[in-house]
Amino acid sequence: GYKDDPTEDNGMTLFVLHKSAISKVASDLMTLCRHAMDESVDCSKFIGDPAVSTSLSLLSPTLYRTARELLDLFRAIIPTAHGSEISTIPRTAAVLHNDCVYFAHHMLTFGHEYKEKFSGGNNVLRQMCTFVDLVPPFRELADRTMGGMIERQKIQILEIVGSRIS
């Protein structure tokens, strides 16, 4: 959930993400990951069924890996493709920061949300279904993005103010 009222505290504020602007790409990507995981759960019903081909039984773990790889691709592609904008436009850096915080927040519970939904002979996928390991890379990217922009802004302010004082 999102926290709208900063004065409201019901003991769960630690688990609530503050309202912030994220990109449409981040929102769509999270929706796509959810769809992949929903499909993975649906396909897990066929694992262990002798009437089902081997390729269909591999679909559930493949979809799980696909959801993870979509998030890895975001971390690899977005900073590379939009590097110049991220390093020069504060709003772009802030949106990437928010996207990363959004993903890190959702990855804390994403695997647990789906873990119990897996059925059939899918005990291995139920045991390994986690996204928590993606939290540190997203947090690091968020910190690096915002930290870099703040440093560049400080330098620019010092250059402007320094030339006026001298």
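Throughout what follows, the structure given in this document is the object of discussion.

1. Structural notes on the side chain of Asn98
Step number 1: The topology assignment puts Asn98 in helix H5 (residues 90-115).
Step number 2: Those residues in contact with Asn98 that lie beyond four places of it in its chain are Ser20, Ala21 and Ile22.

2. Thoughts on the environment of Ala94
Step number 1: Along the chain, the position of Ala94 falls in helix H5.
Step number 2: Looking at Ala94, the relative accessible area reads 25%, which means it is partly exposed.

3. Examining the packing of aromatic side chains
Step number 1: Taken as a whole and assessed by the stated rule, the structure comprises seven aromatic pairs.
Step number 2: Here Tyr64 and Phe131 contribute two aromatic rings whose centre-to-centre distance is 5.6 Å and whose plane-to-plane angle is 80 degrees, an arrangement assigned as edge-to-face. Here Tyr64, found in helix H3 (residues 59-81), pairs with Phe131, found in the loop between helix H6 (123-128) and helix H7 (135-165); they are 67 residues apart in sequence, far enough to count as distant. Note on accessibility: Tyr64 and Phe131 belong to one class, buried.
Step number 3: Seen from their ring centres, Phe110 and Phe131 are 4.8 Å apart, and the 70 degrees between their planes marks the pair as edge-to-face. Taken together, the residues Phe110 in helix H5 and Phe131 in the loop between H6 and H7 connect sequence positions 21 residues apart.
Step number 4: According to the relative accessible area criterion, Phe131 is buried, its value standing at 0%.
Step number 5: Each residue in the set Tyr64, Phe110, Tyr114 and Phe131 is aromatic and connected to the rest through ring pairs, giving one cluster.
Step number 6: Here the guanidinium or amino end of Arg68 rests over the ring plane of Phe131, the centre of that ring lying 5.8 Å away.

4. Observations regarding the pattern of salt bridges
A side chain with one charge can pair with a side chain of the opposite charge if their charged atoms come near.
Step number 1: The final tally for this structure, using the stated rule, is six salt bridges.
Step number 2: When the shortest N-O distance is used, the salt bridge between Asp72 and Arg75 registers 2.7 Å. Taken as a pair, Asp72 and Arg75 lie in helix H3 at a separation of three residues, close to a single helical turn.
Step number 3: A salt bridge links Lys154 to Glu151; the nearest nitrogen and oxygen atoms lie 3.1 Å apart. Here the residue Lys154 and the residue Glu151 both occupy positions in helix H7, the gap between them amounting to three residues, near one helical turn.
Step number 4: Relative accessible area serves as the criterion here: at 40%, Glu151 is assigned to the partly exposed category.

What counts and what doesn't
- Residues numbered from 1 in each chain as written.
- Predicted model: local features only at pLDDT ≥ 70, side-chain atom pairs only at ≥ 80, totals over all residues.
- Heavy atoms only, no water.
- Helix = DSSP H or I, 4+ residues; strand = E, 2+ residues; numbered from the N terminus.
- Contact = heavy atoms within 4.5 Å.
- Buried < 20%, exposed > 50% of the residue type's maximum accessible area, 1.4 Å probe, protein only.
- Phe/Tyr/Trp six-rings, centres within 6.5 Å; stacked < 30°, edge-to-face > 60°.
- Lys NZ or Arg CZ within 6 Å of the ring centre and 35° of its normal.
- Salt bridge = Lys/Arg side-chain N within 4 Å of Asp/Glu carboxyl O.

Read these as layout, nothing more, since geometry by itself doesn't imply function.
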